[in-house]
Amino acid sequence: MIELDKVAMGYGDRGLFSDLSLSLPAGSFHFLTGPSGAGKTTLLRLCSMELAPSGGRITLLGDDVSRLSRDQVALMRQRIGVVHQDCRFIDHLSLAENVLLPVTVSGPLDPEDHKQRDQLLSWVGLADRAENRPPELSGGERQRAALARAIILSPDVILADEPTGNVDWDMSLRLLDLLIELNKQGKTVLCATHDLNLIRQAKSRVTARVLRLRNGTIDQAGAEL
Amino acid sequence: MKLPAFLAGDAMSNRVVPATGFTAALTVISAAAMAFLAVFTIALAQASSALAARWEAELAGTATVRITAPEEAVEAQTQAVLVALSQTPGIGSARRLDTDEQTRLLAPWFGSDLPLETLRLPVLIEVSEAGEGPDINGLKQRLAAEAPGAVYDTHGRWRAPLIEAASRLRQLGILSLVLIASVTGAIIALAASAALAANAQIVDVLRLVGARDGWITRAFVRRFTLRAFFGALAGTVVAMVFVALIPGGVEAGVLSGLGFRGAEWLWPLVVPVAAGIIAWGATYLAAIRRLRQSA
Ligand SMILES: Nc1ncnc2c1ncn2[C@@H]1O[C@H](COP(=O)(O)OP(=O)(O)OP(=O)(O)O)[C@@H](O)[C@H]1O
Ligand SMILES: [Mg+2]
């Protein structure tokens, strides 16, 4: 589903990793953890094709991403839901419009889409904030909205970068429930987080693996958590 | 995508790109100003074409024979010329101008109370050519032999430079239109680039949620096309009012031609459509260039 083969990446002449290989099978649930600055966000942005690796090969849903045209990249992104660490909204649109954006850009809207959006918004506890603009929301509210936007097209893969970074424990558990529920529907989940409690909580409910990114390498840290 | 659907757009793609900003004003105002200039240029080109056509029509097919000879030979030569003309194929009619007519011709220069009897004026014969016209060289040779004081003048000598000038004027008009169109395109491309740069974050977010380049491009292109069209329409209407208000009149010569008659009034209406098409192309290229820089 997601495969990294000897991927190299860095910014400028500062290498972050030089030989990273990873394979996430379809329907799997992975946490990505590691110290701040290790490259978790970078790894997720490689998977969402926002960054191109300087070496190696990335395969998404069976396609070598370096061979995709710009339109194919767009179509691929409609099958991958991304929650960015900094959320990335369009600030002059309402939250409802932002959440619906992936549907808007992928084709004509139908009334079902609005229903779906309203359901998702109440799921993440934002039904009464739908008409607010993103800058008017708290950090946690924005992250919940970003998760709603990431899954509105019912993508095959969900990449979430610290989706619970700014929310309280109860809301963290609710968002985790949502991710687990989506995973049970067969979606592949990759979730970067610092929150070891969240990982422990998840492990009792889903077969999740933990990838630890450190010094440019990944080790499977499942056992000791 | 069909043109009506493109022009109507959809509510959301309109909302995604914020409407305000100096680029909107820049596009509308420059399209209006350029359309204003374009209409005048078209009027000028139109006038010079009309003028060239009028000179061509008035002067083509006519000629003058002028006979200057010693007093005792004038009458004989005049008769010889008239006979020669009547025998030449391609000559429709030949008519000797009488003294009154000559007086009228000279009046603008010498006043109407000129004592013509005291002057010895050349005899003038007004010739109108028929069909393809006469074999001018053959005719000139015959006249030289039979009436050495006669000169056959086709008016070509002074007609040619006038027509040449009129057609130069028209070429200049067309060149000006091309320049106006290019400058308009460049300004709108710059405005569109600025708008795209100012909205770079929006473009990036759209790409991240899976928008294709075509979708993003359309949102911008549609805006700029409509702005340029309505700006140019306003400029065109104002220019047409000004052209309509130019005082006309036969005596005004070149100036009286500056304007549109009848169906010619449809010509300026091409300007807003052209502005829309230019804006479409310019914005499209600017958007494609900007999008290549986004992920
Ligand atoms: N656009 C960039 N230009 C230059 N350096 C960058 C850029 N983005 C990230 N970096 C650097 O690359 C390293 C990895 O960054 P990244 O954001 O991937 O870390 P992270 O693991 O997500 O950290 P955190 O847990 O704090 O979110 C950091 O040292 C960061 O400073
Ligand atoms: Mg990060």
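Reading the values: rules and limits
Residues numbered from 1 in each chain as written. Chains lettered and ligands numbered in written order. Predicted model: local features only at pLDDT ≥ 70, side-chain atom pairs only at ≥ 80, totals over all residues. Heavy atoms only, no water. Donors = N, O, S within 2.8 Å, 3.2 Å for Na, K, Ca; no water. Helix = DSSP H or I, 4+ residues; strand = E, 2+ residues; numbered from the N terminus. Buried < 20%, exposed > 50% of the residue type's maximum accessible area, 1.4 Å probe, protein only. Disulfide = S-S within 2.5 Å. Core = buried A, V, L, I, M, F, W, Y, C linked by side-chain atoms within 4.5 Å. Contact = heavy atoms within 4.5 Å. Domains from an automatic or database assignment. Near = heavy atom within 4 Å. Polar contact = N/O pair within 3.5 Å; in protein donor to acceptor, adjacent residues only side chain to side chain. Areas by Shrake-Rupley, 256 points an atom, 1.4 Å probe, with all protein chains shown as cover. Nonpolar A, V, L, I, M, F, W, Y, C, P; charged D, E, K, R; others polar.

(A) Looking closely at the coordination of the magnesium ion (ligand 2). Residues and elements named next belong to chain A. Summarising the metal site, the magnesium ion (ligand 2) is bound by the protein donors Thr-41 (OG1) and Gln-85 (OE1), whose distances to it range over 1.8 to 2.3 Å. Here the residue Thr-41 occupies a position in helix H1 (residues 40–47), and Gln-85 occupies one in the loop between strand E6 (80–83) and helix H3 (95–106), the gap between them amounting to 44 residues. Residue classification places Thr-41 among the partly exposed residues on the basis of a relative accessible area of 27%. Note on Gln-85: relative accessible area 42%, which makes it partly exposed.

(B) Representation of the state of the cysteines in the model. Residue and element names in this part refer to chain A. Counted by the stated rule, this structure contains zero disulfides over all chains. Considering cysteine sulfurs only, Cys-191 is the nearest to Cys-47, which forms no disulfide, with 13 Å between them. What makes Cys-47 buried here is its relative accessible area of 1%.

(C) Representation of the nonpolar core. Grouped together as the largest cluster of nonpolar side chains are 47 residues, with contacts concentrated most on Ile90(A), Leu101(A), Val16(B), Leu206(B) and Ile216(B). Put simply, the parts of the chain that give this core at least two residues each are H3 of chain A together with helix H2 (11–16), helix H3 (22–59), helix H7 (156–198), helix H8 (200–208), helix H9 (213–245) and helix H10 (270–291) of chain B. Counting residues per element, this core draws most heavily on H9(B), which supplies ten residues. Once residues lying within four places of it in the same chain are set aside, the contact partners of Leu206(B) are Ile90(A), Leu101(A), Val105(A), Val16(B), Ala211(B), Trp215(B) and Ile216(B). Listed in part, the 42 residues of the second largest apolar core include Ala96(A), Leu121(A), Val124(A) and Leu178(A).

(D) Examining the domain arrangement of chain B more closely. Under the domain assignment, chain B is made up of domain 1 (3–56 + 160–293) and domain 2 (69–148). Between domain 1 of chain B and domain 2 of chain B, the C-alpha centre-to-centre distance is 55 Å.

(E) Spotlight on the site of ligand 1. Residues and elements named next belong to chain A. Around ligand 1 sit 13 residues in total, of which Ser-36, Gly-37, Lys-40, Thr-41 and Thr-42 are the nearest. Here an oxygen atom of ligand 1 sits 3.3 Å away from a polar atom, N or O, in the main chain of Ala-38. The contact in question runs from an oxygen atom of ligand 1 to an N or O atom on the backbone of Gly-39, over 2.9 Å. A total of 640 Å² of accessible area belongs to ligand 1 in isolation, and the protein chains cover 63% of it. Taken together, the elements giving at least two residues each to the shell around ligand 1 come down to strand E2 (14–24) and H1. Top contributing element to the shell around ligand 1 by residue count: H1, with three residues. Considered class by class, the residues forming the shell around ligand 1 number four nonpolar, seven polar and two charged.

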